[in-house]
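Coordinate analysis (summary)
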Amino acid sequence: MKINYHERKFRGIDNTPNGQVSDETLFEYSQFGSLLRATYQGGSIKHGEIIGLVQDDYSLEFVYHHIDSDDKLKSGYCKSIPEFLPDGRIRLHEIWEWTYGGEGKGNSIVEEW
């Protein structure tokens, strides 16, 4: 099944403790060819942006950066693997790593809403 992420919205549903995405974090994706862009905010994140690539298997590789509720700048790298839900929505299983302002690696799940 083909995926186009353009104008899809996602919400955080699970994350490891060292991450900042929560169920209050909302993402709005745009896709232009293989270019992926997104903005996100909510919970402990004031504003964030993503830029990356949609791979041939529809997985995503991107870098992210945001300003959190403590006015701290944070950034990282993420690989997301899509799963199709029975109702047609997409769930993304993410493996991420902080590169600035945070520590360690983690796993999260965001789901289309």
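Everything that follows concerns the structure shown earlier in this document.
Remember, it's a predicted structure, so these values are computed and weren't measured experimentally.

**Examining the side chain of Gln31**
Here Gln31 lies in strand E2 (residues 26-32). For Gln31, the side chain forms a polar contact with the main-chain nitrogen of Tyr5, separated by 2.7 Å. Residues contacting Gln31, with those up to four places away along its chain left out, are Ile3, Asn4, Tyr5, His6 and Val54.

**A short note on empty space enclosed by the protein**
If a probe as big as a water molecule is rolled over the atoms, it shows which places are left empty. For the structure on display, the rule yields 1 cavity of 30 Å³ or more. Of the volumes computed, that of the largest cavity is approximately 160 Å³. Together, 15 residues line the largest cavity, and Val21, Tyr64, Glu94, Trp96 and Ser108 are the ones closest to its centre. Those elements giving two or more residues to the lining of the largest cavity turn out to be strand E5 (60-68) and strand E7 (90-100). Looking at the lining of the largest cavity residue by residue, the class counts come to 9 nonpolar, 5 polar and 1 charged.

**Comments concerning the nonpolar core**
By size, the foremost hydrophobic cluster in this structure holds 20 residues, and its most contacted members are Tyr5, Tyr29 and Ile50. Those elements giving two or more residues to this core turn out to be E2, strand E3 (35-42), strand E4 (45-54), E5 and E7. Residue contributions to this core peak at 4 residues, all from E7. When neighbours within four sequence positions are excluded, Ile50 is seen to be in contact with Phe27, Tyr29, Leu36, Arg37, Ala38, Tyr40, Phe62, Val63 and Tyr64.

**A closer look at unusual backbone geometry**
One non-glycine residue with positive phi stands out, namely Glu7, at about 65 degrees. Structurally, the position occupied by Glu7 is in the segment before strand E1 (9-15). We classify Glu7 as exposed; its relative accessible area is 66%. One non-glycine residue, Asp71, lies in positive phi territory at about 60 degrees. With respect to the helices and strands, the residue Asp71 is situated in the loop between E5 and strand E6 (73-84).

**Brief notes about the sheet that holds E1**
Through backbone hydrogen bonds, the strands of a sheet pair up, either in parallel or in antiparallel fashion. As summarised here, the arrangement of the 8 strands in space is E1-E2-E3-E4-E5-E6-E7-E8, forming a closed barrel in which the pairing is antiparallel. Put simply, the sheet's adjacent strands are angled 30 degrees from each other on average, direction ignored. Here 7 bridges tie E7 to strand E8 (residues 105-112), and the two strands are oriented antiparallel to one another. Its bridge partner lying in E8, Glu94 is registered against Ser108.

Reading the values: rules and limits
- Residues numbered from 1 in each chain as written.
- Predicted model: local features only at pLDDT ≥ 70, side-chain atom pairs only at ≥ 80, totals over all residues.
- Heavy atoms only, no water.
- Helix = DSSP H or I, 4+ residues; strand = E, 2+ residues; numbered from the N terminus.
- Polar contact = N/O pair within 3.5 Å; in protein donor to acceptor, adjacent residues only side chain to side chain.
- Contact = heavy atoms within 4.5 Å.
- 1 Å grid on protein atoms, 1.4 Å probe; cavity = no way out; pocket = protein on both sides within 12 Å on 5 of 7 lines; lining within 4 Å.
- Points joined across faces, edges and corners; volume = space filled by probe spheres on them.
- Nonpolar A, V, L, I, M, F, W, Y, C, P; charged D, E, K, R; others polar.
- Core = buried A, V, L, I, M, F, W, Y, C linked by side-chain atoms within 4.5 Å.
- Buried < 20%, exposed > 50% of the residue type's maximum accessible area, 1.4 Å probe, protein only.
- Pairing = 2+ DSSP bridges.
- Axes fitted to C-alpha atoms, helices over the stretch in contact; angles between N-to-C directions.

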